[in-house]
Each structure stands twice: as structure tokens, then as C-alpha cells.
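Fold and contact review
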Amino acid sequence: MTLDLSGRVAVVTGASRGIGYFIARELAAAGAHVVAVARTVGGLEELDDQIKADGRGQATLVPLDLTDMAGIDRLGGAIHERWGKLDILVANAGILGVISPIGHVEAKTFEKVMTINVTATWRLIRSVDPLLRLSDAGRAIIMSSNAAHSARAFWAPYAASKAAVETMMRSWAHETESLPLRVNAADPGATRTAMRAQAMPGEDSETLPHPSEIAKRIAPLASPALKETGLIFQAKHNRFVAYRQPE
């Protein structure tokens, strides 16, 4: 089915590059007004130009460093003042930190990963939750990673941060399961992004899917017709999977 988001308002963080950039384009191409959030003004302006060139949808650019917690609060207030609700949240922004033995990770590095990946995501949820509840079909997509489950060696800060945001997502989904709001995590899998290149510098990036491919698979999670909630969507396999308790 063709994704139709006409008249819907979407927030996408980390929208200036990578998967966030292409998800923003996909949502706009489906008719949404995208509130594009990122630190990089040039990247946001490029996104705006491309959305205009694509010929459908609109963008409002919000240059914002997600360590600015008061700024995240103001974002929710500004959306309420302008639109009175929010239909879609894509919490995509995140950082890798370092690939390192856990005992060698500097405190400032660990704290930065947790601030941007976890605390800022919680603050964003807190800011827009009331607005998503006012939508007739609110949709939240929390970007995660298989690292949250594999707990592979040397990935501790990033893996822990993604495990934390998935747990927050699941709790939020349980809280809102009787509402029209649907809340899910999305695992994009290995993708040709700058973060992946940082993590795997020796890898042949041409063997990985382009972020535009992954964005096309994730964007339908914003559909008003979506029924699933509290699950994780594996973009690599184009499917939802449920969580299991430890055995």
C-alpha cells in the first residue's frame, strides 16, 4: 500500500544525514510536514532543498543540539503552539562513542553516549508524549540496534544505551496500549552510514545497504494503519519481532 501521511506532522531527530535524513525525505514524500531536528544547519538546509525538489510535503528546520534539554522541552511547546498535536516521532539521533574495552572507556565518553542516546531520548518522549496522545493515530519510532541484544565485546556504552532506549520504548508502549498511539523500536541493521564506518573502518561499505533503502522500510511504521506496538522492527528482514524473557 502507498504510504499516505497527508496533513500529518512528524518530528525526525538526526535528520541532517544518514538514515534520519532519508526517513525525513520518505515521510515528506508521503505528504507529512517534517520537523527536522539536527545540529548541522547545512545538512538541514540540504534536506529542505531536497524535500522541495521531491515535490511533496514540507519541512520546518530546527537546529538543536540534543544535549540542550531545555531546548527539547521548548520544541514540544513550539509544536503545540503551531499545530496543537504531533502525529509521528522518529527518535533517530544517536552517537557511537568508542569501541573499546569497558575498563578503558573514559567517563566523559560514557556520559556523552548516555546523555545523547538515552537521556535526550527520554526528554524528547517526555516533551512530545502529550502531543502524540492528541493525534488520532500517533506513531513513535525509536531507533535502536542489534547491539542492544548481542552485547558484543568492546561495544558496552553504545549497547547499554540502546538496551535502555528499547526498555523505555516497551514501557511506554505498555502505558499507551489502550490508546491510538503505537510505539515501536526499529533496528536498521548494518547500513552504509558514517557511524558504521566509524565502528567498522576496515569494512567494505559497498556491501551494505544504502540508508535510503533502510528508510523506505522503516517509514511505513509511521502509517496510521499500523497495528503493532511494543515490538522491534528488523529492517534487514523487513519484519516485526517480539521480545522474550531470559531463559
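Residues numbered from 1 in each chain as written. Predicted model: local features only at pLDDT ≥ 70, side-chain atom pairs only at ≥ 80, totals over all residues. Heavy atoms only, no water.

Looking at an unreviewed UniProt entry, one finds the protein chain named NAD(P)-dependent dehydrogenase (Short-subunit alcohol dehydrogenase family) and attributed to Mesorhizobium shonense. In UniProt, the protein chain has this text filed under Sequence similarities (unreviewed entry): "Belongs to the short-chain dehydrogenases/reductases (SDR) family." (UniProt positions renumbered as here; feature names shortened; annotations may be inferred.)

A few words now on the overall build of the protein chain. When helices and strands are tallied, the protein chain shows eight helices and eight strands. Each principal axis of the C-alpha distribution contributes one length, and for the protein chain these read about 50 × 40 × 40 Å. Expressed as a percentage of the 247 residues in the protein chain, the buried residues total 50%. Long-range pairs, those at least 24 residues apart, make up 71% of the contacts in the protein chain with a sequence separation of at least 6. Across the protein chain, 27 positive and 26 negative side-chain charges occur, with their mean positions spaced 2 Å apart. (Helix = DSSP H or I, 4+ residues; strand = E, 2+ residues; numbered from the N terminus. Buried < 20%, exposed > 50% of the residue type's maximum accessible area, 1.4 Å probe, protein only. Contact = heavy atoms within 4.5 Å. Lys, Arg positive; Asp, Glu negative; His and termini not counted. Charge placed at Lys NZ, Arg CZ, Asp CG, Glu CD.)

What follows is about the side chain of R139. Here R139 shows up in strand β5 (residues 139-143). Nearest to the buried, unbridged R139 among oppositely charged side chains is D136, at 7.7 Å. (Salt bridge = Lys/Arg side-chain N within 4 Å of Asp/Glu carboxyl O.)

Judged by pairing direction, the sheet is mixed, and its eight strands sit side by side in the order β3-β2-β1-β4-β5-β6-β7-β8 without closing on themselves. Looking at strand neighbours, the two that pair on one side only are β3 (58-63) and β8 (239-241), the edges of this open sheet. Each adjacent strand pair in this sheet contributes to an overall mean axis angle of 20°, direction not counted. Relative to strand β7 (residues 232-234), strand β6 (residues 182-187) is paired through three bridges, and the arrangement is parallel. Counterpart to A186 in the pairing with β7 is F233. The strands touched by helix α2 (residues 41-54) are β2 (33-38) and β3; relative to β3, the strand with the most contacts, the crossing angle is about 180°. On top of the sheet, helix α4 (residues 107-132) reaches β1 (9-13), β4 (88-91) and β5; it is set at about 175° to β4, its chief contact. (Pairing = 2+ DSSP bridges. Axes fitted to C-alpha atoms, helices over the stretch in contact; angles between N-to-C directions.)

Looking now at the pattern of salt bridges. According to the stated counting rule, one finds 13 salt bridges in the structure shown. Ionic pairing is found between D54 and R25, a salt bridge with its closest N-O pair at 3.1 Å. Here D54, found in helix α2, pairs with R25, found in helix α1 (residues 18-29); they are 29 residues apart in sequence, far enough to count as distant. Through salt bridges with shared partners, a single ionic network connects R8, K85, D87 and D136.

This model, assessed by the stated rule, comprises three aromatic pairs. Ring plane angle 80° and centroid distance 4.9 Å describe the contact between Y21 and F22, whose orientation is recorded as edge-to-face. In terms of burial, Y21 and F22 fall into one category: buried. The cationic tip of R170 hangs over the ring face of Y243; the distance from NZ or CZ to the ring centre is 4.1 Å. (Phe/Tyr/Trp six-rings, centres within 6.5 Å; stacked < 30°, edge-to-face > 60°. Lys NZ or Arg CZ within 6 Å of the ring centre and 35° of its normal.)

Attention now goes to the side chain of E166. Note on placement: E166 falls in helix α6 (residues 156-175). Here E166 occupies a buried position and makes no salt bridge, while the nearest side chain of opposite charge, R170, is found at 6.5 Å. In this structure the side chain of E166 is engaged in a polar contact, spanning 2.5 Å, whose partner is the side chain of S144. Side chain to side chain, E166 and H149 meet in a polar contact 3.0 Å long. If we ignore the near neighbours within four places in the chain, the residues touching E166 are S144, S145, A148, H149, A185, I232 and Y243. (Polar contact = N/O pair within 3.5 Å; in protein donor to acceptor, adjacent residues only side chain to side chain.)

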